[in-house]
Amino acid sequence: MAKKVALAYSGGLDTSIIIPWLKETYPGCEVIAMIGDLGQQEDLEAARKKALATGASAAFIEDLREEFVTGYIWPTLRAGAVYEHKYLLGTSFARPILAKRQVELARKTGCDSLAHGCTGKGNDQVRFELAAKALAPDLQIIAPWREWSIVSREEAIAYAQAHNVPVEQTKKNIYSRDRNVWHLSHEGGVLEDPANEPDEAMWQWIISPAKAPDTPTKVEIGFEEGTPVSVNGRKLAPLALIEELNGIAAANGVGRMELVENRLVGIKSRGAYETPGGTLLITAHRELESLALDRETAHYQQILSLRYAEMVYYGMWFTPLRESLDAFFSHSQKRVTGSVGLSLFKGNVSVASRKSPFSLYRTGLASFSMKGYNPKDAEGFINLFALPITVPIEAKA
């Protein structure tokens, strides 16, 4: 029986009802609420007070924003990791840092258990629990969605109402949302049928492309060794840089995306994501790599980037392989320094310029002029390159 539980608390529907449920299910249990500030633009002090009012013995707001950007977002960006061509992993890499601080708080306050509000169908339960097993395998894990009799968000709302727990969700506003400085996700509601177009009212951050400015907006992003450092020539701290790009992209309708994705647990699900600044950063970083990386490194990175994205999505952050991949990408990014100019127009992003002191692009070689290049060399190269093709044909003759 759990005696003292550290709960990863957001103040949303699921975690709001977990506090009274824990106290009912585990009589005498003490609940410590951990609220992680990842830049979600919510009243976290109100969430802290709500946790206390609904039965938590203590509630802590942990400012994780800078660590989130430098320790989780930047490594994933340097790896060029994108899951299934579209998903920029905003929820995925937010879970390990929350779990890490949850474990630290559990140790500090003498908890014997950890709890989370992730559903029994989703990826987040895996992400929280893999992190917990890597960092604190001795602590018991309580996953209410796998234990209680509640089977839907409608029933969760009813439970909240019966226990006088205030929640924002209603049967008309049923979306499950997760926000941080990198993105805002939406699940549930009309999205559960892939045939349905997302409601315009669902989007909360990025302006409709149709209502974006009628003239393009230019923005230049500077990088040092694969890490973003400046916007339009101004050096900015990591958090301020993302917030600056978020504002620019959101005002131009850039960063909306929806997809049907393959969850780790084997279920296909549909989500809608708003990732304004992240969309600009992923685009700019990829274009700068095209200038500065040699072909073999660039192509091999594509293989590792896919694996890195899978590991982040699967919750395998605190693993030797991901840390080893970080070492590879840190080295491969040594040349990825320079800047990329982007043009934003009504939801679209196009590349205006690429500049790098380590550029491997040579105008003399790329031009149609043959100066400095002996085209006769190509003849022998082609003959050798064709041997796997020509030798079998000759053998048949």
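Residues numbered from 1 in each chain as written. Predicted model: local features only at pLDDT ≥ 70, side-chain atom pairs only at ≥ 80, totals over all residues. Heavy atoms only, no water.

1. Observations regarding helix 10 (residues 320-332)
Helix length check: helix 10 (13 residues) gives 19 Å between terminal C-alpha atoms against 18 Å at 1.5 Å per residue, within 8%. For helix 10, the complete set of buried residues consists of Arg 322, Leu 325, Asp 326, Phe 329 and Ser 332. Around the axis of helix 10, the buried residues are gathered within 130° of arc, so they sit on the same side. Of the residues in helix 10, the exposed ones pointing more than 90 degrees away from the buried face are Pro 320 and His 331. Close packing links the buried residues of helix 10 with helix 3 (65-78) and helix 9 (295-314). (Helix = DSSP H or I, 4+ residues; strand = E, 2+ residues; numbered from the N terminus. Expected span 1.5 Å × (residues − 1). Buried < 20%, exposed > 50% of the residue type's maximum accessible area, 1.4 Å probe, protein only. Arc of directions from axis to C-beta. Contact = heavy atoms within 4.5 Å.)

2. Here's the deal with the side chain of Lys 4
On the secondary structure map, Lys 4 appears in strand 1 (residues 4-8). The charged side chain of Lys 4 is buried without a salt bridge, its nearest counter-charge being Glu 30 at 4.0 Å. At a separation of 2.6 Å, a polar atom in the side chain of Lys 4 contacts the main-chain carbonyl oxygen of Thr 109. Not counting the four nearest positions on each side in its chain, Lys 4 is found in contact with Glu 30, Ile 32, Thr 109, Gly 110, Cys 111, Asp 112 and Ser 113. (Lys, Arg positive; Asp, Glu negative; His and termini not counted. Salt bridge = Lys/Arg side-chain N within 4 Å of Asp/Glu carboxyl O. Polar contact = N/O pair within 3.5 Å; in protein donor to acceptor, adjacent residues only side chain to side chain.)

3. Structural notes on the sheet that holds strand 5 (residues 140-142)
If you trace the five strands from one edge of the open sheet to the other, you get 3-2-1-4-5, paired in parallel fashion. Sheet topology places strand 3 (58-63) and strand 5 at the edges, where each strand pairs with a single neighbour. Neighbour-to-neighbour, the strand axes of this sheet turn through a mean angle of 25°, independent of strand direction. Of the strand pairs in this sheet, strand 1 and strand 4 (residues 113-115) are connected by three bridges, and their pairing is parallel. Opposite Leu 7, over in strand 4, you have Ala 115 as the bridge partner. Relative to strand 1, helix 1 (residues 13-25) is tilted by about 170°, and along the sheet it contacts strand 1, strand 2 (30-37), strand 4 and strand 5. (Pairing = 2+ DSSP bridges. Axes fitted to C-alpha atoms, helices over the stretch in contact; angles between N-to-C directions.)

4. Observations regarding the packing of helix 1 against helix 6 (residues 153-162)
Running from N to C, helix 1 and helix 6 point in directions that differ by 60°, and their axes come no closer than 10 Å. Between helix 1 and helix 6, the angle falls in the class oblique. When you trace helix 1 past helix 6, the crossing you get is left-handed. Two secondary-structure elements touch here, helix 1 through Leu 13, Asp 14, Ile 17, Pro 20, Trp 21 and Glu 24 and helix 6 through Arg 153, Ala 156, Ile 157, Tyr 159 and Ala 160. Split into classes, the residues belonging to the contact of helix 1 with helix 6 amount to eight nonpolar, no polar and three charged. (Parallel < 35°, antiparallel > 145°, perpendicular 65-115°, else oblique. Left-handed = near helix turned anticlockwise from the far one by under 90°. Nonpolar A, V, L, I, M, F, W, Y, C, P; charged D, E, K, R; others polar.)

5. Here's the deal with the sheet that holds strand 9 (residues 227-231)
Spatially, five strands are ordered 10-9-8-13-14 in an open sheet, and the strand pairing comes out antiparallel. Strands at the two margins of the open sheet, each flanked by one partner only, are strand 10 (234-235) and strand 14 (348-355).

6. A few points about the packing of helix 3 against helix 4 (residues 94-109)
As a packed pair, helix 3 and helix 4 sit with axes 10 Å apart at the nearest point and diverge in direction by 125°. Put simply, helix 3 runs oblique to helix 4. When the axes of helix 3 and helix 4 are compared, the crossing they make is right-handed. When helix 3 is examined against helix 4, the residues Glu 67, Phe 68 and Tyr 72 are found in contact with a partner set consisting of Ala 94, Pro 96, Ile 97, Lys 100 and Arg 101.

7. Some points on helix 6
Residues of helix 6 that are buried include every one of Arg 153, Ala 156, Ile 157, Tyr 159 and Ala 160, and no others. Down the axis of helix 6, the sector holding all buried residues measures 160°, keeping them to one side. Those residues of helix 6 that are exposed and angled more than 90 degrees off the buried face are Gln 161 and Ala 162. Next to the buried residues of helix 6 lie helix 1 and strand 6 (176-179). Asn 164 occupies a position one or two residues after helix 6 and carries a positive phi of about 55°.

8. A word on a nonpolar patch on the surface
Residues Leu 365, Met 370 and Tyr 373 make up a contiguous nonpolar surface patch of roughly 340 Å² in combined accessible area. Note that Leu 365 resides in helix 11 (residues 363-366). Residue classification places Leu 365 among the exposed positions, given a relative accessible area of 56%. (Patch = residues over 30% accessible without salt bridge, like charges linked within 9 Å, V, L, I, M, F, W, Y side chains within 5 Å. Areas by Shrake-Rupley, 256 points an atom, 1.4 Å probe, with all protein chains shown as cover.)

9. Some thoughts on the pairing of strand 13 (residues 338-345)
The element strand 13 is largely enclosed, with a buried count of seven among its eight residues. Alignment of strand 8 (residues 217-224) against strand 13, held across seven bridges, turns out to be antiparallel. Following the sheet pairing, Glu 220 is matched in strand 13 by Gly 341. Two elements, strand 13 and strand 14, share seven bridges in a ladder whose sense is antiparallel. Residue pairing across strands places Ser 343 opposite Ser 350, the latter belonging to strand 14. The antiparallel pairing of strand 13 with strand 14 creates a hairpin that spans two residues between the two strands, and Lys 346 there sits at a positive phi of about 50°.

10. Notes on the pattern of salt bridges
Under the defined criterion, the tally for this structure stands at 26 salt bridges. For the salt bridge of Arg 256 with Glu 200, the shortest nitrogen-to-oxygen distance reads 2.8 Å. Within this pair, whereas Arg 256 is found in strand 11 (residues 256-262), its partner Glu 200 is found in the loop between strand 7 (184-187) and strand 8, the two being separated by 56 residues in sequence. Close ionic contact of Glu 287 with Arg 354 constitutes a salt bridge, the shortest N to O distance being 2.9 Å. A residue pair is termed long-range when its members are at least 10 positions apart, and Glu 287 in helix 8 (residues 276-292) and Arg 354 in strand 14 qualify at 67 residues. Arg 354 gets classed as partly exposed once you look at its relative accessible area, which sits at 39%. Connected via shared salt-bridge partners are Glu 62, Glu 67, Lys 100, Arg 101 and Glu 104.

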